[in-house]
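# Structure at a glance
Next come the chains, spelled out residue by residue.
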Amino acid sequence: MEFARVKQQRLPDVIARQLETMILEGVLKPGEKLPAERELAQQLAVSRPSLREALQKLENSGLLETRHGGGTVVRNAIASSLTEPLVEVLARHPQAALDFIELRSTLEGMSAYDAARRGTAEDRAMLTRCFEAMVAAHEARDGTAEDETDADFHIAIAEASHNIMLLHVMRGLLDMIRKDVVFNRAQIYAEDGARDRLLGQHRAVYEAIMARDADAARAAAQAHMAHVRLVLQSFQEDQARAEIARLRLGRYEAERREARAGERTETMAKG
């Protein structure tokens, strides 16, 4: 019987693989700055030359980037290829924004379902922390904090799903929400009682995940996104009607100006 040789791994490759796993698992987050080289080498108990080679390897693969004067940071490499080409399209096309919400509905449902099934005690503790922060922002009527804690809550659910690709795609999509690419979040809050309804929807998702009821968690997440889509569609329809009314008014005023000008011309001709 012949045995395959055990391959000796180079230390830089081992370091790179460990950091790569931390990035993929979401332990190291997009935009997060790594410790200084000396400190990181001490934490990993490796030499600085080996660490430097590992970091260069990850930078070449697009997972890290070195910013001038800003150190080495984690790139949002996995989701960026999906989200970057869509930014301008979503901003210009109302239907694309609605399609974006439909996509989120599917992903949010999957995320909540898997979080309820796979989430650990630590995941549920993090989710509780995020939900409590959302409640505190709601009670303080702090719109900016509500937006941030809302996004953090959805990311915590994606992390609890333990699906690497789902986590990174969700991060990319939610980053677009944070930047108001798809719609102005104030639109969602415009209705009377909107903030209370949204908090109630998030509470339903949270409680289903905490109860480990996967079907209820998915249903609650999709119901939340259905509500967001309905509000956005209603806002777009209102805007479209307002634009038509504006054009009609402009045409009416132009016709009135032309009529008055014609009357003045006729009066001057008679005079």
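So, here is what we can say about the structure in this document. (Residues numbered from 1 in each chain as written. Predicted model: local features only at pLDDT ≥ 70, side-chain atom pairs only at ≥ 80, totals over all residues. Heavy atoms only, no water.)

## Observations concerning the pattern of salt bridges
Put simply, the rule reads: By definition here, a salt bridge exists when the distance from a side-chain nitrogen of Lys or Arg to a carboxyl oxygen of Asp or Glu is within 4 Å. Starting at the N terminus, helices and strands are each numbered in turn, a helix being any DSSP run of H or I of at least four residues and a strand any DSSP run of E of at least two. Categorising residues by exposure relies on relative accessible area from a 1.4 Å probe, with only protein chains included: less than 20% of the type maximum marks a residue as buried, more than 50% marks it as exposed, and the intermediate range marks it as partly exposed.
Considering all chains together, one arrives at 17 salt bridges under this definition. Ionic pairing is found between Arg17 and Glu20, a salt bridge with its closest N-O pair at 3.7 Å. Taken together, the residues span about one helical turn, with Arg17 and Glu20 both in helix H1 (residues 11–24) at a distance of three residues. Close ionic contact of Glu159 with Arg171 constitutes a salt bridge, the shortest N to O distance being 3.0 Å. On the criterion of sequence distance, the pair formed by Glu159 in helix H8 (residues 143–161) and Arg171 in helix H9 (residues 164–178) is long-range, its members being twelve residues apart. Taking relative accessible area as the criterion, Glu159 reaches 22% and is therefore assigned partly exposed.

## Description of H8
How we decide: For a helix, the expected span equals 1.5 Å multiplied by the number of residues minus one. Polar contact criterion, stated in full: a pair of N or O atoms within 3.5 Å, where within protein one must be able to donate a hydrogen and the other to accept it, and residues adjacent in sequence count only if both atoms are side-chain atoms.
Look at H8: 28 Å from first C-alpha to last across 19 residues, which is about the 27 Å you get at 1.5 Å a residue. Near the N-terminus of H8, the side chain that reaches the backbone nitrogen of Thr144, with its oxygen 3.3 Å away, is that of Asp142.

## Some words on the nonpolar core
Just so we agree on the cut-off: The definition of a nonpolar core used throughout is a set of buried Ala, Val, Leu, Ile, Met, Phe, Trp, Tyr and Cys residues joined through side-chain atoms within 4.5 Å.
Core analysis: the biggest nonpolar cluster contains 22 residues, and Phe100, Ile101, Leu107, Met170 and Leu173 have the highest contact counts within it. Among the secondary structure elements, those contributing two or more residues to this core are helix H6 (94–118), H8, H9, helix H10 (186–189) and helix H12 (214–270). In terms of residues, this core owes the most to one element, H9, which gives eight residues. Within the second largest apolar cluster, 21 residues are counted, among which are Phe153, Ala156, Val205 and Ala220.

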